[in-house]
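Listed below are the residues making up each chain.
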Amino acid sequence: MTLIRRLCSRLWPKGLTGQIVLVALAGLVLIQLLSIQIYRSDREEALGYVNSRNAMQRIISVVRLLTLSPPSLYHEILKASRSETLLLRLSDEPLQPDNRSPRFEKLVRTKLDYPPQLAVEISAELKQEFQRSQAWRHHNRMMKDRSGMPPPQDMRLYGSIQLPNGNWLQFSSLVDKESASWSWQTTLNLLLVASLVIGLMIWLFRRATLPLKQLAANADRLGRGEDIEPLREAGPTEIRESIQAFNRMHTRLARFVQDRTRMLAAISHDLRTPITSLRLRSEFLADGEDKERFQQTLQQMEQMLAATLSFAREEGQQEATRELDLVSLLESLCDDYADTGQPVTCLAEGKQVYACRANTLRRVLQNLIGNAIKYAGGAEVSLERTDAELLIRVCDNGPGIDPSQLEEVFKPFVRLDEARNTESGSVGLGLAIARTLVHQHGGELTLHNRAEGGLEARIRLPL
């Protein structure tokens, strides 16, 4: 049972178009099979009625010929009148059918203008009824007398008509041999109809789901921080409504980010004036430890404002996305640090083309490599590819970070006092900005303590 489920899971299409087409195809085959069965049943009934009427007309003609002809011609008349669907025989006794048909008996008497003293005994029975009747052995005997072969299994009419000379004309009517229930022509017709329907459905659903694919692509690009144009509203009503909702969401998100960036830039810019005023006033303070600490605090505030303004400006300037060889980017960064005497190693090989914002990603990597050099004395950079993502690792051999602080360091203006104590000029925005920039690519930036010691920064970029 488990094997069957796994097989069905593998064969079941993953796409909406494939699933709908498969269900429609199954329904089409089922409908075709039912239609063929209904057609065969109706055809069998119609053929039985037509053959019965034709058989009666021929039997009436044979009775007329036998009545008007001398006995020496009876054999030739019967021989000429027999066919694959009508068996005729002269006998001294009737067949005596079990279930007689007044309708056919009346038809024969009317056509022949038969007198009442001459008997007409006709039965119209199904195969099962006929095989249970007493006349079955007579039918077998008629077939053996004719060809020596076993009788066919489809009987419609049988009976006897008394001739004026006292003999009985015994007859059995058969159904025309039908074609096989499933022939190559039926298969060909079914395949032709299925191909036409499937082709039409694939074209229709691809046309209907094309806006959905465009919506998914734009949603992915939006998640990577790219600047996208509003989608054209097309397709069925439900899809158009989804596109309209997506366009509204995109507009609101863009407006929110712009408002937040402008507000951040305005606050940072407006705070410069009171900070400058405080710095001027601090010059009139008496020299001493209080004045020095006061000026250091003001300097840190200015650095924070400068970093915040820089981040806000870069947020407002969206860099275009382009394809880039990440291996070349990592090698060039590592070579730049190595040229200045920094112990930075690049373990990336080959070629990995990825659509990203090159300058933004370079800034993230520079921040991580710079932190590894500053706090651990060196860095090791590697690149791995999986089926779903690209993984960039920046490792060092430093003291690492307390596990409880691995997420705290990504908060703005958070600085560690011990193993990761900042030097002058650092305000605690580097990792926060780096994670934001990675999020703009649809990725994730995390920190992990290595089992062998040191810290590892992981950048996961979706493919």
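Everything discussed here concerns the structure shown above.
Everything numeric in this text was worked out from a predicted model, so none of it was measured.

A.B. asks: Please explain the pairing of strand S9 (residues 389-395) as it appears in this structure.
C.D. replies: Two faces belong to every sheet, and in a regular strand the side chains alternate between them. Of all seven residues that make up S9, six are buried, and the element is covered over most of its length. The pairing of strand S8 (residues 379-385) with S9 spans six bridges and is antiparallel. When the sheet's bridge partners are listed, Val381 is paired in S9 with Val394. From the end of S8 to the start of S9, which pair antiparallel, there are three residues.

A.B. asks: Is there a simple way to think about the pattern of salt bridges in this case?
C.D. replies: Between side chains of opposite charge, a pair can form when the charged atoms approach closely. The tally for this structure, following the rule as stated, stands at nine salt bridges. A salt bridge links Glu408 to Lys411; the nearest nitrogen and oxygen atoms lie 3.2 Å apart. In this structure, the salt-bridge partner of Glu444 is Arg435, at a minimum N-O distance of 3.7 Å. Accessibility expressed as a relative area gives 15% for Arg435, which makes it buried. One connected set of salt bridges, linked through shared partners, spans Glu384, Arg393, Glu456 and Arg458.

A.B. asks: So what exactly am I meant to see when it comes to the packing of aromatic side chains here?
C.D. replies: Any aromatic ring pair is given by two values, namely how distant the centres are and how the planes are angled relative to each other. Considering all chains together, one arrives at zero aromatic pairs under this definition. In this structure, Arg103 packs its charged tip against the face of Phe104, placed 4.5 Å from the ring centre. The ring of Phe410 carries Arg435 above its face, with NZ or CZ at 3.7 Å from the centroid.

A.B. asks: Explain the packing of helix H7 (residues 184-223) against helix H8 (residues 237-282) to me, please; I cannot follow it from the model alone.
C.D. replies: For any two helices packed against each other, the geometry is given by the interaxial angle and the distance between the axes. Where H7 meets H8, the closest approach of the two axes is 10 Å, and the angle between their N-to-C directions is 15°. Here H7 lies roughly parallel to H8, going by the angle between them. Note on packing geometry: the crossing formed by H7 with H8 is left-handed. Residues Ala208, Pro211, Leu212, Leu215, Asn218, Ala219 and Leu222 of H7 form the contact with H8, whose own contacting residues are Ile239, Ser242, Ile243, Phe246, Met249, His250 and Leu253. Of the residues assigned to the contact of H7 with H8, the class counts are 11 nonpolar, three polar and no charged.

The rules behind the values
Residues numbered from 1 in each chain as written. Predicted model: local features only at pLDDT ≥ 70, side-chain atom pairs only at ≥ 80, totals over all residues. Heavy atoms only, no water. Buried < 20%, exposed > 50% of the residue type's maximum accessible area, 1.4 Å probe, protein only. Helix = DSSP H or I, 4+ residues; strand = E, 2+ residues; numbered from the N terminus. Pairing = 2+ DSSP bridges. Salt bridge = Lys/Arg side-chain N within 4 Å of Asp/Glu carboxyl O. Phe/Tyr/Trp six-rings, centres within 6.5 Å; stacked < 30°, edge-to-face > 60°. Lys NZ or Arg CZ within 6 Å of the ring centre and 35° of its normal. Axes fitted to C-alpha atoms, helices over the stretch in contact; angles between N-to-C directions. Parallel < 35°, antiparallel > 145°, perpendicular 65-115°, else oblique. Left-handed = near helix turned anticlockwise from the far one by under 90°. Contact = heavy atoms within 4.5 Å. Nonpolar A, V, L, I, M, F, W, Y, C, P; charged D, E, K, R; others polar.

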